[in-house]
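# Fold and contact review
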Amino acid sequence: MNFAPHDYQTYAIDYIETHPVAAVLLDMGLGKTVITLTAIADLLFDSFEAHRILVIAPLRVARDTWPAEIRKWQHLNHLTFAVCVGTPKERKAALMAGADITIINRENLQWLIESSGFPFDYDMVVIDELSSFKNHNSKRFKSLLKVRPSVKRIIGLTGTPSSNGLMDLWAEFRLLDLGKRLGRFITEYRNNYFVPDKRNGQIIYSYKPQPYAKERIYGQISDITISMKSTDHLKMPELISSEYEVYLSEDEVTRYEELKQELVLELPDGEITAANAASLTGKLSQLANGAIYSDTGDIIEFHDRKLYALEDIIESANGKPVLVAYWFKHDLSRIKKRFDVREIKSSKDITDWNAGKIPVAVIHPASAGHGLNLQAGGSTLIWFGLTWSLELYQQTNARLWRQGQTSGTVVIEHIITKGTIDERILKALSKKELTQNALIDAVKANL
């Protein structure tokens, strides 16, 4: 296929080529993979400013999306690539291929750097989903930081740079510019832009930004950051977001509130305990979905209202394919027990879904939220169980609501149990989005 770039894509390609260090915040559906690959091809064979490229991506994106994009576009056909996933033997074979581009999943990054036995001689690194490096205590962050000084060019790609607030940005930009803009140490960043929020004596649980923090942080990173929203540059399909509300019985409400207030719920099939507030929110989310794990790991069914709601939505789709997002394993087992569904896990699953061969597909946001192109297979996404993560929420929605979606309308349906934590999660997602949108708007490219 011939590549005829949009103006914004030409701008982004040039930005990557002219900025050895860059954070490219491209909204879902803008074609960040082909943009980056085009810039890589130019740097390799036009300006000769790069020689060996390492792409770090989520597993399925590394295995499926990047290779598919290279094969898809005629102007990229001369690029050689090796996918470094799978067994140690398969990974080593990929490293021995001597390809222009080595594509590795982020879980194997530490192995590549510290255990593979191969020299880290990549002069350009692309981090697909930069936001997955927001934890400065993670092994992947520490490993990459060790070799970062030897990397001449580094590009961070994401559509969700600060899904949980401004604190996420420090680790991401520490990798990009080695701490030049936001500081070399997290304590320095906290002291400069934040104050303690929730605490117990000397123990600080969270921080909140100073009133001036947003403006100053955005100013510090603006010279190496561009941001683009799909709605500014593409004719996107109409997005309809709706809620399908279900209601608990009086007895179920009583038991739900009992767990919420007392942290212990006596059920006929076993005892459920929530040792702290974090686990309590998980327990309440399980209850809202209709089942819960006992202390012994058994599944105790609480209600089936969301299953009935899912049945209604599938029936109303009149045979059109639907994609169902679940969160807990017992959600999946109960859905499978009741409906004929297929999980989206393998490359064949993706191909069959996009070919319209799967009437009802199920995905988990943590494993299928990033990078997968599923827009050809359907236009309806049903959230059976919600996630607290704005990043996973938006990325999962963007599997369908993106460029290439042939339907004029994409429907995102949320099955919400009224009077439960479901409502709080939706509200929290909305609040987090404000912070992220402020960042994106602050550094939006003026084309």
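Before going into details, it helps to say that this report is about the structure given with it.

Cut-offs used in this document
- Residues numbered from 1 in each chain as written.
- Predicted model: local features only at pLDDT ≥ 70, side-chain atom pairs only at ≥ 80, totals over all residues.
- Heavy atoms only, no water.
- Pairing = 2+ DSSP bridges.
- Helix = DSSP H or I, 4+ residues; strand = E, 2+ residues; numbered from the N terminus.
- Axes fitted to C-alpha atoms, helices over the stretch in contact; angles between N-to-C directions.
- Phe/Tyr/Trp six-rings, centres within 6.5 Å; stacked < 30°, edge-to-face > 60°.
- Buried < 20%, exposed > 50% of the residue type's maximum accessible area, 1.4 Å probe, protein only.
- Lys NZ or Arg CZ within 6 Å of the ring centre and 35° of its normal.
- Core = buried A, V, L, I, M, F, W, Y, C linked by side-chain atoms within 4.5 Å.
- Contact = heavy atoms within 4.5 Å.
- Polar contact = N/O pair within 3.5 Å; in protein donor to acceptor, adjacent residues only side chain to side chain.
- Arc of directions from axis to C-beta.
- Salt bridge = Lys/Arg side-chain N within 4 Å of Asp/Glu carboxyl O.

## Structural notes on the sheet that holds strand β6 (residues 153-158)
Taken in spatial order, the seven strands line up as β3-β4-β2-β5-β6-β1-β11 in an open sheet, and their pairing is parallel. Among the strands making up the open sheet, the edge pair consists of β3 (81-84) and β11 (225-228). The average undirected angle you get between the axes of adjacent strands in this sheet is 15°. Two strands pair when backbone bridges link them, and strand β2 (residues 53-57) and strand β4 (residues 101-105) are joined in this way by five bridges, in the parallel orientation. Bridge pairing links L54 to T102 in β4.

## Topic: the packing of aromatic side chains
Under the criterion given, the structure shown has seven aromatic pairs. Relative to Y122, the ring of F120 has its centre 5.2 Å away and its plane inclined at 70°; by these criteria the two rings are edge-to-face. No difference in accessibility class separates F120 from Y122, as the two residues are buried. Taken together, Y189, Y193 and F194 form an aromatic cluster joined through their ring pairs. In this structure, R91 is placed above the aromatic ring of W111, and the distance from its NZ or CZ to the ring centre is 4.6 Å. Positioned over the ring face of Y308 is R338, at 4.1 Å from the centre of the ring.

## As for the nonpolar core
Counting 72 residues, the largest nonpolar core has I53, W66, I101, M124, V126, L323 and I344 as its most contacted members. Ranked by residues supplied to this core, first place goes to helix α2 (residues 32-45) with eight residues. Ignoring any residue separated from it by four or fewer positions in sequence, one finds L323 in contact with I344, W353, A361, I363, L374, T380, L381, I382 and L400.

## Some points on the side chain of D123
Of note, D123 is situated in the loop between α5 (109-114) and β5 (124-128). Within the structure, D123 has its side chain in polar contact with the backbone nitrogen of H51 (distance 3.0 Å). Look past the residues within four positions of D123 in its chain and what remains in contact with it is E49, A50, H51, R52, V151, K152 and R153.

## Concerning helix α8 (residues 186-193)
Within the sequence span of α8, burial applies to I186, Y189 and Y193. Summarising the axial view, the buried residues of α8 lie within an arc of 60°, below the 170-degree limit, and thus occupy one face. The secondary structure elements touched by the buried residues of α8 are α7 (169-177), β7 (194-196), β10 (207-209) and α9 (213-221).

## Section: the pattern of salt bridges
Within this structure, the stated rule accounts for 19 salt bridges. One network of salt bridges, with partners in common, ties together R342, K348, D349 and D352.

## Concerning the sheet that holds strand β20 (residues 380-383)
Taken together, six strands build an open sheet; the order of strands is β12-β21-β20-β17-β19-β18 and the sheet is parallel. Each of the sheet's edge strands pairs with one partner strand only, and the pair in question is β12 (238-246) and β18 (342-343).

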